[in-house]
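Residue strings, one per chain:
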Amino acid sequence: MDENLNPEVDTTPEQEGQLPDDVSAAEGNDEKAVKEADAQNTNASKADGAEASKDIPENFLEIKFNKQSVNLSREEAVTLAQKGMKYDSISEDYLKLKDHAARNGKSLSEFVKGLEEAEIDVIRQQCKETADGNEEYEQLLFEKALKERDIKLQEYNNGIAAAEQQEKEALENKIANGIIAINKINPEIKEVSQLSDTVLKRAEEEGISIREAYLLSVYENNKAVEDAEKAAADASKRSPGSLKDTGGNEMSTTDKQFLAGLWGR
């Protein structure tokens, strides 16, 4: 038998632990690829997390609705405030429509739907009279009239939307400027959610800035506390054995603080 079928090759101790260059390079490339893949996955996870965090609404303001607490983002709070301000201007017409519907034994939705159907009937009748028996021409006139009606409605809605957007931007600017102004007086106030609802309502109803409404609110609250303390002190002074002079010409601390805030001092 040929003894050279499995020839032994002499190797040095240094060579025994080595692999061919092409195999080592391949393994090195595999390790590099794995690291790059891990890095991409990590970056993708961070991006997904950042994207997900954007989808989470900011808890800007908490309100009560239908006996439940609702957290609103800044955008939602501004939109609802705008709608609330708009309601005052349409509430009278809304109640009149509701009364008309009730007198006709219908809900408001049914009443409005009936008005729309009556309007379409009038349009169809006008088209019929103009077509003078030509049904095809009547249908063309009717479709054209409906399109013109929709165009007018769209133009009206676009005008309303533009006006509402302007009002919304104005309200956002007013709130932002108000918070900046109040923060100069009271650095602890940084968000509109820290103000009471009466401050914003007062600013809107009285046509004054949020800063002025805030100062008036603080003044009235402090004044109420001071008056209560003064009344208690006066009652104590009127008790038997009290002869201390009460003064009366000195400006109160509350008045001084209010005027200082109003003048920006």
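Above this text you will find the structure in question.
Read on for a plain summary of the structure. Worth saying up front: this structure is predicted, and the values here are computed from it rather than measured. (Residues numbered from 1 in each chain as written. Predicted model: local features only at pLDDT ≥ 70, side-chain atom pairs only at ≥ 80, totals over all residues. Heavy atoms only, no water.)

On to the overall build of the protein, then. Helix and strand counts for the protein stand at eight helices and two strands. When its helices and strands are written in sequence order, the protein yields α-α-β-β-α-α-α-α-α-α. A buried classification covers 15% of the 265 residues belonging to the protein. Here the analysis covers contacts within the protein between residues at least 6 apart in sequence; of these, 42% occur between residues at least 24 apart. (Helix = DSSP H or I, 4+ residues; strand = E, 2+ residues; numbered from the N terminus. Buried < 20%, exposed > 50% of the residue type's maximum accessible area, 1.4 Å probe, protein only. Contact = heavy atoms within 4.5 Å.)

The next point concerns the environment of Glu191. Summarising the element assignment, Glu191 is placed in the loop between helix 5 (135-185) and helix 6 (197-206). Glu191 gets classed as partly exposed once you look at its relative accessible area, which sits at 35%. For the pair Glu191 and Ile179, spaced 12 residues apart in sequence, the C-alpha separation works out to 6.6 Å.

Throughout the structure, instances matching the rule amount to zero aromatic pairs. The side chain of Arg124 reaches across the aromatic face of Phe142, ending 3.9 Å from its centre. (Phe/Tyr/Trp six-rings, centres within 6.5 Å; stacked < 30°, edge-to-face > 60°. Lys NZ or Arg CZ within 6 Å of the ring centre and 35° of its normal.)

It is worth spelling out the packing of helix 6 against helix 7 (residues 210-237) at this point. What describes two packed helices is the angle between their axes and the distance between those same axes. Taken N-terminus to C-terminus, the directions of helix 6 and helix 7 make an angle of 120°; their axes are 8 Å apart at the nearest point. Taken together, helix 6 and helix 7 sit at an angle that is classed as oblique. Between helix 6 and helix 7 lies a crossing of right-handed hand. Here helix 6 contributes Val199, Leu200, Arg202, Ala203 and Glu206 to the contact with helix 7, which in turn contributes Ile210, Ala213, Tyr214, Leu216, Ser217 and Glu220. The residue inventory of the contact of helix 6 with helix 7, partitioned by class, reads seven nonpolar, one polar and three charged. (Axes fitted to C-alpha atoms, helices over the stretch in contact; angles between N-to-C directions. Parallel < 35°, antiparallel > 145°, perpendicular 65-115°, else oblique. Left-handed = near helix turned anticlockwise from the far one by under 90°. Nonpolar A, V, L, I, M, F, W, Y, C, P; charged D, E, K, R; others polar.)

This brings us to the layout of surface pockets. The space that makes up the largest pocket amounts to roughly 740 Å³. The wall of the largest pocket is formed by 25 residues, among which Ala81, Met85, Asp197, Leu200 and Lys201 lie closest to the centre. Of all the elements in the fold, those that place two or more residues in the lining of the largest pocket are strand 1 (61-65), helix 3 (74-103), helix 5 and helix 6. Looking at the lining of the largest pocket, the element that brings in the most residues is helix 3, giving seven residues. Here the lining of the largest pocket is composed, by residue class, of 16 nonpolar, three polar and six charged. (1 Å grid on protein atoms, 1.4 Å probe; cavity = no way out; pocket = protein on both sides within 12 Å on 5 of 7 lines; lining within 4 Å. Points joined across faces, edges and corners; volume = space filled by probe spheres on them.)

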